[in-house]
Amino acid sequence: METDRRTRLTPDERRAQLVALGVAFLADNPLDQLSIEELSARAGVSRGLLFHYFGSKQGLHREVVRTARDSMLHATEPVVGLAPLDRLHDTLTRTVAFVREHSGTFYSLVRGVASADTEVRQVVEEARGEQADRVIAAFLELGVPDTLLLRIGLRSWIAFAEEALVESAIGTELPSEEIVGFLERSARGVVDALGAPAGGGAEG
């Protein structure tokens with residue numbers, strides 16, 4: 001009995017464990033297949049416990065997607081000391097690596113915006129906003145004027161890049177460097193289309 005008390009998880013630890021199992025589920029399954037029943041069976045706990053922690057299937061999805069999103073953003077966080085386009089190159093390289101190592105998770109994140117739950121969509125949109133801000137910051141450092149069209153263009157480029165990553169980094173043998181180079185050139189192309197040269201730097 002004493003051993004049971006020592007090894008029993010706290011509520012926060014149990015909740016984190018359940019979320020981690022949900023994120024692991026995304027490795028091989030789409031988000032819409034993650035149900036309270038499925039996760040309770042995998043975790044060996046009652047359905048009531050999951051309802052206690054998450055309230056509903058939608059609540060579970062929000063927490064799982066939020067955790068997966070944070071993991072991706074952390075794994076691809078820009079290296080501050082690099083020159084702007086070198087930083088973009090490095091970030092894209094790690095993004096492609098993340099997509100290839102966690103293809104199911106990335107796919108669920110990208111497709112999460114199609115969820116019927118507005119809060120799940122918001123979690124995904126927050127990730128897109130942060131990723132767009134990272135790219136915008138790199139070009140602003142190069143002296144590109146901060147205009148509404150720049151922000152619209154590069155925000156739209158994020159959606160383009162997501163689709164390109166789904167099509168190229170998942171289920172193909174395309175070299176990662178080729179994918180990175182394509183994404184770099186496409187981002188510079190968006191900036192060039194505004195009549196603002198994107199500058200030199202890492203070549204793709």
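Residues numbered from 1 in each chain as written. Predicted model: local features only at pLDDT ≥ 70, side-chain atom pairs only at ≥ 80, totals over all residues. Heavy atoms only, no water.

Caption draft 1: Main features of the packing of aromatic side chains. Overall, the coordinates contain 2 aromatic pairs when judged by the stated rule. Consider the rings of Tyr53 and Phe54, whose centres lie 6.4 Å apart with planes at 55°: the pair is tilted. Residue Tyr53 is classed as buried on the basis of its relative accessible area of 17%. Judged by its relative accessible area of 8%, Phe54 falls in the buried class. Their ring planes at 50° and their centres at 5.9 Å tell us that Phe160 and Phe182 sit as a pair that is tilted. Remark: Phe182 occurs in helix α10 (residues 176-193) and Phe160 occurs in helix α9 (residues 148-169); sequence separation between them is 22 residues. For Phe160, a relative accessible area of 37% translates into the label partly exposed. (Phe/Tyr/Trp six-rings, centres within 6.5 Å; stacked < 30°, edge-to-face > 60°. Buried < 20%, exposed > 50% of the residue type's maximum accessible area, 1.4 Å probe, protein only. Helix = DSSP H or I, 4+ residues; strand = E, 2+ residues; numbered from the N terminus.)

Caption draft 2: Main features of the nonpolar core. Counting 52 residues, the largest nonpolar core has Phe139, Leu154, Trp157, Leu165 and Leu183 as its most contacted members. Among the elements that line this core, the one with the most residues is α9, at 9 residues. Not counting chain neighbours up to four residues away, the residues in contact with Trp157 comprise Leu92, Val135, Leu183, Ser186, Ala187 and Val190. (Core = buried A, V, L, I, M, F, W, Y, C linked by side-chain atoms within 4.5 Å. Contact = heavy atoms within 4.5 Å.)

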